[in-house]
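Listed below, chain by chain, are the residues.
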Amino acid sequence: MAQSAKPNGKIWNSFYGPNMGYVEEQYDLYKEDPSLVDPTLKTMFDTHGAPEWMGHKGSGDVVSEGISSADVRKITSAMKYMDAIRRHGHLKADIYAVGGWHEETDLLNQDKYGITDEDLKNIPASWLWDKAPANIETGYDVVQTLLKIYTGKVSFEYDHVNSNEEREWLLNRIESEELNLNLNAEEKKQLLHRLIEVEGFEQFLQKTFVGQKRFSIEGLESMVPVLDRIVKSANDDKIEHIMMGMAHRGRLSVLAYVLGKPLDKIFSEFHHAPDKELMPSEGSMGINYGWTGDVKYHFGATRIVENDDASTRVHLAHNPSHLEFVNPVVAGKTRAVQDDRSEKGYPKQDLSKATSVLIHGDAAFIGEGIVPETLNLSNLKGYRVGGTLHIIANNLVGFTTDRRDSRSTRYTSDLAKGYEIPIIRVNADDPIACMKAIQLAYDYNQTFKKDCVIDLVGYRRYGHNEMDEPRSTQPALYREIDQHPTVTEIFGSQLKEEGLLTDEEIQAMKDNHQKELQTIYDSMKENPLAGISELNMPDYLANSIDDYETAVPLEDLKKLNADLLKRPDDFNGFKRLNRVFKRRENILEEGQKADWGEGEALAFASIVKDGTPIRITGQDSERGTFAHRHLVLYDTETGEKYCPMHGLDDANASFDIYNSPLSETAVLGFEYGYSIQSPETLVIWEAQFGDFANVAQVIFDQFISSARAKWGDKSNMVILLPHGYEGQGPEHSSARLERYLQMAGENNWIVANVTSSAQFFHLLRRQAQMRGSEEARPLVVMSPKSLLRNERVASPAEEFTNGKFMPLRNQPNLKVSKKNAKRLLLGSGKIMVDIEEAIENSEDKFDWLRAMRVEQLYPFPQDQLKKEIEQLPNLEEIVWVQEEPKNMGSWRYVLEYLRELTKDGVKIRYVGRPERAATSVGEPNVHKVIQEKVVNEAINPAKGGNNSEGN
């Protein structure tokens, strides 16, 4: 085969005799490892390659003319083999500290490509690799180098990334010197010291708090220096916030050594120590963030990292045992930091303000549906945060389940391929390789503002929670783990071989750290109050929320309404919608009424006028599922969008609205996280139909309803859940009102079921005014469907310009006769509108009936209702009516309140559907008959029936 030669100028002319032999010797060392030669010679070799007298075949550009077809085939085969190494090298990579598992494959078998070592040695490197380092001369050198890069302790998968720019960037970084972090002696010692701290901390917990759960990081200790590297890089880049989320595995070590949580605080959370109940020393963080508290490995923390030029706030979010559900919460918090909401229009996003880091378990990453839901948000306009660094804490087993039983893919990280996310897999027993991996991932993340995955492959030294016995379910794996040295032993031995430390110095580092831990533990105080009392809800949550003034002057409302109807001069509106907006022009004039959509729009407009930003998302929320909102309009000619809220002259804050992807859990979690991080914003999530929120039950249970009590996280978000029985079947009738009432306690949220546009207006404005206050809490609204355009829920202007939200409201169009009233009819929501219509159409007199709507179910308006009952001297019965089945809805919730309020001799009775398994029937005609029966029974003077409840 033809050879090539590259003249390297006159640089070598000054070398002769013995000097030439020295240069040859140094060049051979350079080929082995460039760092072994003098920096001056290294620069010369980098620039000019081999000395010309050595006669090496390799990197020249001049090629003789005669190349045979066989030569071409060999070059082509060599290139195919190189491509296979790049694409499939991960199959043979040395990424497993224990439990090594490699798929049998011939993809990396050189013979498969019909090429020999001798063939490769006869091919100049430049023919195969135009960016080959100067010490790479032949095709054989190229192949050996690529095998070292792609089958070592770090492996890469990025062929699934469709962007040529990104793939080129990754290839160049992976195959260049930039990937090799040349840590100096001091940096290596510091790295070992960090690993000793983490390992020693876990061992101290194990021996001091015997039998206590801690979800040890042992086997994945390198996670801590990996996070250290992220924090340092972000701080160097002047990133203001790092938002982190992680499950239990390794959380205590991360809290201690990355977040700086005081060790005595962590020790104090291990209740029932062998010799004393523990109190942290003065100055440590408080015992609990909320008043009920939580287990120690659920808490988060915050740390400020500073250098001369920048301050970075590192925040680890609180997380319950539903491991991956914190993912969208962290994303929402990150977006909230990045958004500037101070001006009208959409917020202005600055991706450099914050970055996010998520640490996943290997079984959970592939197994939990919330993971792909959150990954799908990563490049959507309304949810994009500029990329997240994902670290999979891969311990090869999920609780007691082997990987072969927990996934259908080769790797746990394969899920990320569908979202074109690069994957870097690294052996957790090689801390320097881990540093290389995370630096590459961080740089990619910051360069392209996209997600990147680090699969940190280690093991779990103990059972799932230190009390489990893993040898009964993974005997072979744990035989290997029992004999496997720890990462500090492995890395310590490496530093000894390099002559950087001695055995005695390493042991001294370990002993000194144990002494520090023991000193902290010994200095802690005994807690004389341990276990005696339980903390209660703070007094401020018992404060009244009925005192907020929410009325808006008529002139202000008219100006806002006029602005909402403005359009850009060249905007081509949809004609049918133009008719809708035309009707709204005089909606606030005398004799006119504003329907639900207009009342909502006026609420939103007046809130941003007051300087409160609004963010609203949900499936089809821009238009509204039931076509009532239309806050994003489309030009019929160009398709361009226009939001009427952005045309308000008097807006003093942003208005943010997006159609969400077809997801409930991730989107709701995102909005909750946003609301936590930005308490001054009114964040609204809207379900397409109310019971679709069932899919997001974990977010309601573990975050929205209880996070303040457990962790002190305060949210003011609004959840709109369309609810009401219209004969459209089980999934389109009930928002499962009973579930939110069952979770109600300690004034954790507000649950409302309102029946007029003005009531909704005041309710939203009250919620906005509570922002940032101690009384702030989420609001759950059973919002209407068919009532959206029902004239009975439309309100005249005076109801917006006067008064405020009424938790208990008189039944409209029913003459009040308190003296003659024998029945007090109570109900909530659409059923009361149906009853209003039935009474109006009836020829009967209802002077024996007093009816009221409970518009706010929680907190229940007990005092107001008590006053009403006291004004009914001839009351014989209280009837609760609802359209939901008896075992659903609010009946069983309100019953206890009614029993407390009822006087002797007054009966309590339920009217509604009997107990059912499904929320409703599926046949519209059957629904109509049943609904009429319920309504008639509620307003029929005869008592009868079998639905009585005693006092």
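Data block above holds the structure.
Attention here is on the structure that accompanies the text. For every chain, the first residue of the written sequence is number 1, and numbering continues from 1 onward in sequence order. Thresholds applied to this predicted model are a pLDDT of at least 70 for local features of residues and 80 or more for the giving and counting of side-chain atom pairs; totals over whole chains, interfaces and linings are not thresholded and use all residues. To obtain the side-chain values, all non-hydrogen atoms of the structure were included, while hydrogens and water were left out.

A few words on the packing of helix α20 (residues 554-564) against helix α22 (residues 596-609). Between α20 and α22, the least distance of the axes is 10 Å, while the angle of their chain directions is 105 degrees. Classified by the angle their axes make, α20 and α22 are roughly perpendicular. Counting all contacts with α20, which are made through Asp-556, Leu-557, Leu-560, Asn-561 and Leu-564, the residues of α22 involved are Glu-598, Ala-601, Leu-602, Ala-605, Ser-606 and Lys-609. Tallied by class, the residues present in the contact of α20 with α22 amount to six nonpolar, two polar and three charged. Note on method: axes are straight lines fitted to C-alpha atoms, helices fitted across the in-contact stretch only, with angles between N-to-C directions ranging 0 to 180 degrees. The helix count covers DSSP runs of H or I at least four residues long, the strand count covers runs of E at least two residues long, and both are numbered beginning at the N terminus. Should an angle fall under 35 degrees it is taken as roughly parallel, and over 145 as roughly antiparallel, whereas 65 to 115 is taken as roughly perpendicular and any remaining angle as oblique. The contact definition used throughout considers only heavy atoms, calling two residues in contact when any of these lie within 4.5 Å. Basically, the charged four are Asp, Glu, Lys and Arg, the nonpolar ten are Ala, Val, Leu, Ile, Met, Phe, Trp, Tyr, Cys and Pro, and anything else, Gly included, counts as polar.

In this section: empty space enclosed by the protein. The pocket and cavity definitions rest on a 1 Å grid over protein atoms only: a 1.4 Å probe that fits but cannot leave marks a cavity, an open set with protein on both sides within 12 Å along at least five of seven lines marks a pocket, and residues lining either have an atom within 4 Å of a point. Grid points are joined across faces, edges and corners, and a volume is the space filled by probe spheres set on the points. Summed over the entire model, instances satisfying the criterion amount to 13 cavities of 30 Å³ or more. In this structure, the largest cavity occupies an estimated 120 Å³ of space. Considering the residues around the largest cavity, the lining is formed by 19 residues, among which Ile-704, Ser-705, Arg-708, Ala-709 and Asn-748 are closest to the centre. Residue assignment for the lining of the largest cavity shows that the elements contributing at least two residues are α24 (697-704) and α25 (707-711). Per-element accounting of the lining of the largest cavity gives the leading share, three residues, to α25. Residues of the lining of the largest cavity, tallied by class, amount to nine nonpolar, five polar and five charged. In this model, the second largest cavity occupies a volume close to 90 Å³. As for the second largest cavity, its lining consists of 15 residues, of which His-628, Arg-629, Glu-686, Ser-783 and Pro-784 are closest to the centre.

Time to look at α24. The element α24 is largely enclosed, with a buried count of six among its eight residues. Burial status follows relative accessibility: with a 1.4 Å probe on protein chains alone, a residue under 20% of its type maximum counts as buried, one over 50% as exposed, and anything between as partly exposed. Buried within α24 are the following residues: Gln-697, Val-698, Ile-699, Phe-700, Phe-703 and Ile-704. Buried residues along α24 sit against α12 (326-338), α23 (665-677), β21 (682-686), α25, β22 (718-720) and α26 (737-742).

Our focus in this paragraph is the pairing of β21. Each regular strand displays side chains that alternate between the two surfaces of the sheet. Counting buried positions along β21 yields five of five residues, so the element is predominantly enclosed. Neither face of β21 is left uncovered, since the one carrying Leu-682, Ile-684 and Glu-686 and the one carrying Val-683 and Trp-685 both have all their residues buried. One ladder, built from five bridges, connects strand β17 (residues 614-618) with β21; its direction is parallel. In the sheet register, Ile-614 faces β21, and the bridge partner there is Leu-682. Any two strands are treated as partners once DSSP identifies two or more bridges connecting them. The pairing of β21 with β22 spans three bridges and is parallel.

This paragraph deals with the layout of surface pockets. Estimates place the volume of the largest pocket at around 1400 Å³. Around the largest pocket, the lining is made up of 41 residues, and of these Asp-33, Lys-148, Glu-177, Asn-180 and Lys-436 lie nearest the centre. Taken together, the elements giving at least two residues each to the lining of the largest pocket come down to α1 (18-32), α2 (39-48), α6 (139-150), β3 (154-157), α8 (185-208) and α16 (431-448). Considering every element that reaches the lining of the largest pocket, the biggest residue donor is α6, with five residues. Tallied by class, residues from the lining of the largest pocket come to 17 nonpolar, 10 polar and 14 charged.

This paragraph deals with α16. To estimate the expected span of a helix, count its residues, drop one, and scale the result by 1.5 Å. Taking 1.5 Å as the rise per residue, α16 with 18 residues should run 26 Å; its terminal C-alpha atoms sit 26 Å apart, in good agreement. Summarising burial for α16: 15 of the 18 residues are buried, a large majority.

Glancing now at the state of the cysteines. A pair of sulfur atoms, both from cysteines and within 2.5 Å, is called a disulfide here. Counted according to the given criterion, the structure contains zero disulfides. We note that Cys-434 lacks a disulfide partner, and the nearest cysteine sulfur, in Cys-452, lies 14 Å from it. For Cys-434, a relative accessible area of 1% puts it in the buried group.

Between Lys or Arg on one side and Asp or Glu on the other, a salt bridge is scored when a side-chain nitrogen of the former is within 4 Å of a carboxyl oxygen of the latter. If you walk through the whole model with that rule in mind, you get 54 salt bridges. Between Arg-899 and Glu-896 there is a salt bridge; the shortest N-O distance is 3.1 Å. Placement of the pair is Arg-899 and Glu-896 together in helix α31 (residues 891-901), with a separation of three residues, close to one helical turn. A residue is classified by how much of its surface remains accessible, and Glu-896, at 45% relative accessible area, is partly exposed.

Interpretation in functional terms is not warranted from these geometric data alone.
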